[in-house]
Amino acid sequence: MGLPGIIYQGSVKNINGLEGDAAYVFEYSDRYSIFDWGVMPDELAGKGVALAYMGELFFKLLGDPAIWREWVITPAMRDDSSVDGVLLEKFRQHGVAHHCQGLVDHTGKKVAPEKLSAFLAVDAQTVLRPSSKTVNAELLWDYSAYQKKPTKTLVPLEVIFRFGIPSGSSLLERAEDSAYCKELGLTTPPKEGDEYETPIIEYSTKLETRDRYIGLQESQSIAGLNDAELKLLRDTVTLVALRLKDIFAEVGIEMCDGKLELAFSENFDTQGNRHFVLVDSIGPDELRLTYENAPLSKQVLRNFYDNSSWYKATKKAKALAKDRGKKDWKRICMDELKMTPPNLDPKIIASVAMMYKTLSNTLSLKHEDREVFPDCLQLKEMALELKQLETRL
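Quantities reported herein were computed from a predicted structural model and do not represent experimental measurements.

A. How the structure looks around the environment of Arg92. Structurally, Arg92 is set in helix H4 (residues 85-94). For Arg92 and Arg212, which are 120 residues apart along the polypeptide, the C-alpha to C-alpha distance reads 34 Å. Excluding residues within four positions of it along the chain, Arg92 makes contact with Pro65, Trp68, Arg69 and Trp71.

B. Quick peek at the sheet that holds strand S4 (residues 100-104). One open sheet holds the five strands; their spatial order is S1-S2-S3-S5-S4, and the pairing between them is antiparallel. The open sheet has two edge strands, strand S1 (6-9) and S4, and neither has a second partner. Averaged over all adjacent pairs, the angle separating strand axes in this sheet is 25°, with direction ignored. Pairing analysis gives four bridges linking S4 to strand S5 (residues 119-123), with the strands arranged antiparallel. Bridging across to S5, Leu103 finds its partner in Leu120. The strands touched by helix H1 (residues 47-62) are strand S3 (23-28), S4 and S5; relative to S4, the strand with the most contacts, the crossing angle is about 145°.

C. Geometry of the pattern of salt bridges. Counted under the stated rule, the structure contains 24 salt bridges. Residue Arg324 pairs with Glu336 through a salt bridge whose shortest N-O separation is 2.9 Å. With Arg324 in helix H9 (residues 309-324) and Glu336 in helix H10 (residues 329-336), the pair connects residues that are twelve residues apart, well separated along the chain. A residue is classified by how much of its surface remains accessible, and Arg324, at 35% relative accessible area, is partly exposed. On the basis of relative accessibility, which here comes to 42%, the residue Glu336 falls in the partly exposed class. The partner of Asp335 in a salt bridge is Arg331, with the nearest N and O atoms 3.4 Å apart.

D. How the structure looks around empty space enclosed by the protein. Taken as a whole, this structure holds one cavity of 30 Å³ or more when the rule is applied. Considered as a void within the structure, the largest cavity measures approximately 50 Å³ in volume. At the level of elements, helix H5 (178-183) and strand S10 (195-205) are the ones that each hand at least two residues to the lining of the largest cavity. Ranked by the residues each element gives to the lining of the largest cavity, the list is headed by S10, at three residues. Residue composition of the lining of the largest cavity, grouped by class: six nonpolar, one polar and three charged.

Calculation criteria
- Residues numbered from 1 in each chain as written.
- Predicted model: local features only at pLDDT ≥ 70, side-chain atom pairs only at ≥ 80, totals over all residues.
- Heavy atoms only, no water.
- Helix = DSSP H or I, 4+ residues; strand = E, 2+ residues; numbered from the N terminus.
- Contact = heavy atoms within 4.5 Å.
- Pairing = 2+ DSSP bridges.
- Axes fitted to C-alpha atoms, helices over the stretch in contact; angles between N-to-C directions.
- Salt bridge = Lys/Arg side-chain N within 4 Å of Asp/Glu carboxyl O.
- Buried < 20%, exposed > 50% of the residue type's maximum accessible area, 1.4 Å probe, protein only.
- 1 Å grid on protein atoms, 1.4 Å probe; cavity = no way out; pocket = protein on both sides within 12 Å on 5 of 7 lines; lining within 4 Å.
- Points joined across faces, edges and corners; volume = space filled by probe spheres on them.
- Nonpolar A, V, L, I, M, F, W, Y, C, P; charged D, E, K, R; others polar.

Below is the structure:
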């Protein structure tokens, strides 16, 4: 007997299950998506299996109290008000709550510890998708369902953390908004090359047709968060980001920024505030990683498209859609601007596919003392190949 069927097909992964069941199964594909486009024209062999492996590994690590107890924070972190010592002590006792149940096969049966799979079982979470309407050429979204304080429900935000401002960082586009930068805790506008010991936290919409960066007040409002819940959300992401940064640093990889998704837990504190659960995925598609200045994440794919006519058309289409109060900017790009993403060079496809496997191997050797993908390039070789490829192309 196979899985019950796909209830949601995303750009990169499918969700299998039955509405109302306690568990779903993420099916990771070899597809990839960048710039909010959806499915791109090429596939990366082995990517799905690698992402499923890394997703399970990171949830296991973050959920393990021992990983938190062995972590030594710096004096600067200890003195930083954004690093919540009470919450850290909770993680040292219980780990971080998450939705991951473990790898399964195509029938939903748990796989043996040494086996790989593209299927990951998770606790089911409700997704309350906002409806929309256009008023005076402005697209408005209805998040009223979140005012009812739901539980076991996806928070309708992506929470972005930043340890630095690399070239091309989207935060540079908001650098002149002094009020927004003040919300981020910045006393001067961010500039390329800036680095932070504790992360800057931003919020964007998650369930709209195009992600929007939004301020604290709108983030709190659309998600139905009270002040205590907003603080707990921020503090959780701050600690998880700091711990992930050090997990990568242990194998020589730098994590510059990333995004996390959370769900409202069924558990409450004594004041009636909801707790949070880490959900979705954690891996190179959600993080910006580098090794010896070579990108080791989805950023490498963005770099190959950055100067393309198609990418320029996506930005124009998004601006046109916003001006017209329309949701479907992609249709404008295809029908009006006559642009779709071109195929990648086969050399790029092969190298990026290898990158996901090399990352998996690097982490599995560190944390499980095994290579999950035999005959892969070593990390240093992988970085050199990607840098040479970018130079040639």
